[in-house]
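# Structure at a glance
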Amino acid sequence: MIEYSTDEDDRNFLQKYGWYFIILFITIHYLKRNVFMPILSERQRKQNYKQATDPQRVAILQEQMIKVRLEQQRQAELKSNEAKEQKKLKKIQRLKETKVDQPLGKTNVGGGHRLGSGDDPSSSSTNRNSSSSSSTSYNPLMPSTGHVGPSYR
């Protein structure tokens, strides 16, 4: 027949061997955390790397990547074409809105002068070229022009 232990036997057992159990659990925890887990994680990392660089897997992924990129390119081209169409439509709409009707008797086709020259159209291009080198007007591409002070050279 099996005898069950009493509370007093249990207390005696814990009093006698309790510290050994505590030290055993602390040692197991320390070994698990500082010895076994690093070894297992390193093994897992190596296995993952081996699987990731498997030539068959890489070839399949490369094919899938090419398919995805071709699809992305096709979608980008569609969006680009739609944007071009929208831009054309907006430009046409804007031109329709800003178009000014000329009075019937006053159409000025082909006649007139370029703005800003003050001279006749035939001499405006020569005056503009000759005056640009000796002029004191500001040129944004050459910041040293247009003033009398020293230049930054």
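Nothing here was measured: the structure is a model prediction, and the numbers come from that model.

Definitions and limits used
Residues numbered from 1 in each chain as written. Predicted model: local features only at pLDDT ≥ 70, side-chain atom pairs only at ≥ 80, totals over all residues. Heavy atoms only, no water. Helix = DSSP H or I, 4+ residues; strand = E, 2+ residues; numbered from the N terminus. Buried < 20%, exposed > 50% of the residue type's maximum accessible area, 1.4 Å probe, protein only. Areas by Shrake-Rupley, 256 points an atom, 1.4 Å probe, with all protein chains shown as cover. pLDDT = per-residue confidence, 0-100. Contact = heavy atoms within 4.5 Å. Expected span 1.5 Å × (residues − 1). Bend = angle between axes of the 7 residues up to and from the residue. Patch = residues over 30% accessible without salt bridge, like charges linked within 9 Å, V, L, I, M, F, W, Y side chains within 5 Å. Salt bridge = Lys/Arg side-chain N within 4 Å of Asp/Glu carboxyl O. Lys, Arg positive; Asp, Glu negative; His and termini not counted. Charge placed at Lys NZ, Arg CZ, Asp CG, Glu CD. Phe/Tyr/Trp six-rings, centres within 6.5 Å; stacked < 30°, edge-to-face > 60°.

When its secondary structure is counted, the protein chain shows three helices and zero strands. A total of 153 residues make up the protein chain; the buried ones form 1% of that total. Split by element, the accessible area of the protein chain, about 15,400 Å² in all, is 58% carbon and sulfur.

This part takes up the confidence of the model for the protein chain. In this model, the protein chain carries an average pLDDT of 80, and 65% of its residues clear a pLDDT of 70 or more. Within the model, pLDDT remains below 50 along residues 124-133, and this stretch shows three contacts once partners closer than five positions in the same chain are excluded.

Now for helix α1 (residues 7-52). Its 46 residues place the ends of α1 only 58 Å apart at the C-alpha level, less than the 68 Å of an ideal helix rising 1.5 Å per residue. At Tyr17, α1 shows its maximal bend, which comes to roughly 60°.

Looking now at a negative patch on the surface. Among the surface-exposed residues, Asp7, Glu8, Asp9 and Asp10 lie close enough to one another that they form a single negatively charged patch. With respect to the element layout, Glu8 can be found in helix α1. Given the relative accessible area of 53%, Glu8 is considered exposed.

What the rule picks out here adds up to three aromatic pairs. An angle of 50° between the planes, with centres 6.1 Å apart, marks the rings of Phe13 and Phe21 as tilted. According to the relative accessible area criterion, Phe13 is partly exposed, its value standing at 43%. Looking at Phe21, the relative accessible area reads 35%, which means it is partly exposed. Aromatic side chains Tyr17 and Tyr20 sit 6.4 Å apart centroid to centroid with 45° between the ring planes, which places their arrangement in the tilted category. Here Tyr17 and its partner Tyr20 are both found in helix α1, three residues apart, which amounts to about one turn of the helix. One aromatic cluster is present, formed by Phe13, Tyr17, Tyr20 and Phe21 through successive ring pairs.

Here the focus is the pattern of salt bridges. A full pass over the atoms with the stated rule returns two salt bridges. One salt bridge in this structure joins Glu42 and Arg45, with 2.5 Å as the shortest N-O distance. Of the two residues, Glu42 and Arg45 are both situated in helix α1; the distance of three residues between them amounts to about one turn of the helix. Using a relative accessible area of 49% as the deciding quantity, one classes Arg45 as partly exposed. Glu71 is paired through a salt bridge with Arg74; the nearest N and O atoms lie 2.5 Å apart. In this pair, Glu71 and Arg74 both sit in helix α2 (residues 55-98), three residues apart, roughly one turn of the helix. A relative accessible area of 33% means that Glu71 is categorised as partly exposed. Residue classification places Arg74 among the partly exposed positions, given a relative accessible area of 40%.

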